[in-house]
Structure formats: structure tokens, C-alpha cells
Amino acid sequence: WKLYLSGLGNTLAITLGAICISTVLGMLLCLMKISRYRILRGPAKAYIDVIRGIPVVVQLMFIYFVVLVTWTNKTAVGIIAFGLNSAAYTAEIFRSGILAVDKGQMEAGRSLGLNYMTTMRFIVIPQAVKAILPALGNEFIILLKDTSLITVIGGKELLYAAQGIYNRTYEQMFPLIGTAALYLVLVIILSWLLGKLERRLRQSDRR
């Protein structure tokens, strides 16, 4: 149980850290990609295309063995690698939500004297977030499950704990069932939290 507890802590740390990076960087990439300036659109589109075109496990190994070769904290490497990967998908989710908002909302904000960024921050983005929350939640769930890939660089998370147990007991079925059950519980909890947030946002709309 100590192995599972340690693995669970690392899994949650990687997931939460990567979500923070993904959300911030994803929004930045989104704003760059929808910008009217080509100098901003080009790098954002290139980043998104490259990241989405390469498997996440390859990116993880490249960052660990090439970019951050001197780092010994594999949990930190996982946070950075999964955050950078998820940001490309999050950016497209944000972009779809912003483009779905009626253009009249932007025009209304500008007519009130608000600049572009202020209008985006207080009028457009809040409406977009309500529309994209299910897709964003699905991306975070995928991110949670992808943390199991950190075992390829020797990172310690839930799957690593299961491997440690069946290397000692030579019994593979029950450790893997235990790991699957823990992932399932985490996904159910995350889905419940996202569902609660969606209901809260719907209630605020009715008010």
C-alpha cells in the first residue's frame, strides 16, 4: 500500500502541474493563433502541428534524454513534458470555444470603449469556457491517464507501483487490477468535479 500511496501522490502531482502549464500555455497559443498578426500566428500553428504530430511518449523521452538530460527529478520532467504536450490540444479547444462566441459580443465590448484584450478577458473568454468545459474536461482526463507513460523514463507513479509489486510477488493480475481501480476512481472524481462546475455555470446563466 505504501508503493500505491507514493505512486498516487506522484500521479496527482504530475497531473495538476501539467494542467496548470497546459491551461496557461494553451490560452497563450490560442490567442496567438487567432491573432491578426502573422508573426504570432505562424509560431503558434507550428508548435501545435508539431506537438500533435509526435506521440507523447516520444516527446517525453526526448525531453528527458536530450533537453533536460541533467535533471534527476523525473516527476518535474513529467510535469513539463505532459504540460507542453497537452497545451497544443488545449489551445485548439480554447480556439474552438472563442470562435463559437458570436462576433457581436466582441463588437459590443469595443463599442463600450474596451480594448481588445479587456473584451476578450471579461466578455468573450468567460462565454467560451462554458461551451468548451466538456471538451476541456475530457482533455484533462486523458492527461491523467497519460501520466502512466512516465514509467518509460523510470518515473514512479501508479503503474510503477504495480510493477514493483508483481516483481516481488510474481503475481501480475491483482496489482494491475488495483492500479486500474485507482485510475478509475480518479477519473470518476474528476468527472464529478467537472460536472458540478458545469451545473454551477448553468445556474449562473439562469440568474
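Asks: Explain the packing of helix α5 (residues 103–111) against helix α6 (residues 116–146) to me, please; I cannot follow it from the model alone.
Replies: How two helices pack is summed up by the angle between their axes together with the distance between the axes. Two numbers describe how α5 lies on α6: the axes approach to 9 Å, and their chain directions differ by 140 degrees. The orientation of α5 with respect to α6, classified from their angle, is oblique. Viewed along their axes, α5 and α6 form a crossing whose handedness is right-handed. Here Gln105, Met106, Gly109 and Arg110 of α5 come into contact with α6, specifically with Tyr116, Thr119, Met120, Ile123, Val124 and Gln127.

Asks: Even after reading the chapter, I still don't get the nonpolar core, so can you show me in this structure?
Replies: Side chains that are nonpolar tend, in soluble globular proteins, to be buried together. Val77, Phe82, Phe94, Ile98, Met120, Val124 and Ile153 are the most contacted members of the largest nonpolar core, which totals 41 residues. When contributions to this core are tallied by element, the ones reaching two or more residues are α1 (2–33), α3 (56–67), α4 (74–100), α6, α7 (158–169) and α8 (173–206). Leaving out residues up to four positions away in the same chain, Ile98 has contacts with Cys30, Ile34, Met120, Val124, Ile125 and Ala128. In this structure, Leu29, Met32, Ala44 and Ala88 belong to the second largest nonpolar core, which totals eight residues.

Asks: Looking at this model, I keep getting lost on a nonpolar patch on the surface. Mind explaining?
Replies: Taken together, the side chains of Met61, Phe62, Phe65, Val66, Val67 and Val152 make up a nonpolar region of the molecular surface, amounting to roughly 540 Å² of accessible area. Here Val67 is to be found in helix α3.

Asks: What is the right way to read the packing of aromatic side chains from this model?
Replies: Two aromatic rings, taken as a pair, are described by how far apart their centres are and by the angle between their planes. Taken as a whole and judged by the stated rule, the model has one aromatic pair. Centre to centre, the rings of Tyr64 and Phe65 are 4.9 Å apart; their planes meet at 75 degrees, and the pair counts as edge-to-face.

Asks: Help me understand the confidence of the model for the protein chain in this model?
Replies: Any segment with low pLDDT has predicted coordinates that should not be analysed in fine detail. Overall, the predicted model of the protein chain reaches an average pLDDT of 83, with 96% of residues at or above 70. When the elements of the protein chain are averaged for pLDDT, α7 gives the smallest value, 73, and helix α2 (residues 38–53) the largest, 91.

What counts, and where the lines are drawn
- Sequence order sets the numbering: in each chain, residues are counted from 1 along the sequence as written.
- Thresholds applied to this predicted model are a pLDDT of at least 70 for local features of residues and 80 or more for the giving and counting of side-chain atom pairs; totals over whole chains, interfaces and linings are not thresholded and use all residues.
- Working from all heavy atoms in the structure, the side-chain values ignore hydrogens and water.
- For every element, the axis is a line fit to its C-alpha atoms; helices are fit only across the contacting stretch, and the angle between N-to-C directions ranges from 0 to 180 degrees.
- The helix count covers DSSP runs of H or I at least four residues long, the strand count covers runs of E at least two residues long, and both are numbered beginning at the N terminus.
- Geometric relationships in this document are graded by angle, where less than 35 degrees denotes roughly parallel, more than 145 denotes roughly antiparallel, 65 to 115 denotes roughly perpendicular, and other angles denote oblique.
- Definitions for this section: a left-handed crossing has its near helix turned counterclockwise from the far helix by less than a right angle. A right-handed crossing has that turn clockwise.
- Note on contacts: a residue pair is in contact if any heavy atoms of the two residues lie within 4.5 Å.
- By convention a nonpolar core is built from buried Ala, Val, Leu, Ile, Met, Phe, Trp, Tyr and Cys residues, the set being connected through side-chain atoms within 4.5 Å.
- With a 1.4 Å probe rolled over the protein chains alone, any residue whose accessible area is under 20% of its type maximum counts as buried; one over 50% counts as exposed, and the rest are partly exposed.
- For patches, a residue must show more than 30% relative accessible area and have no salt bridge; joins then use 9 Å for like charges and 5 Å for nonpolar side chains, namely Val, Leu, Ile, Met, Phe, Trp and Tyr.
- Reported accessibility uses the Shrake-Rupley method at a 1.4 Å probe radius. Residues are deemed covered only where the shown protein chains occlude them.
- By salt bridge we mean one thing: a side-chain nitrogen of Lys or Arg within 4 Å of a carboxyl oxygen of Asp or Glu.
- Pairing of aromatic rings covers Phe, Tyr and the six-membered ring of Trp, with a centre-to-centre limit of 6.5 Å; geometry is then stacked below 30 degrees between planes, edge-to-face above 60, and tilted otherwise.
- By definition, pLDDT measures how confident the predictor is in each residue, and it falls between 0 and 100.

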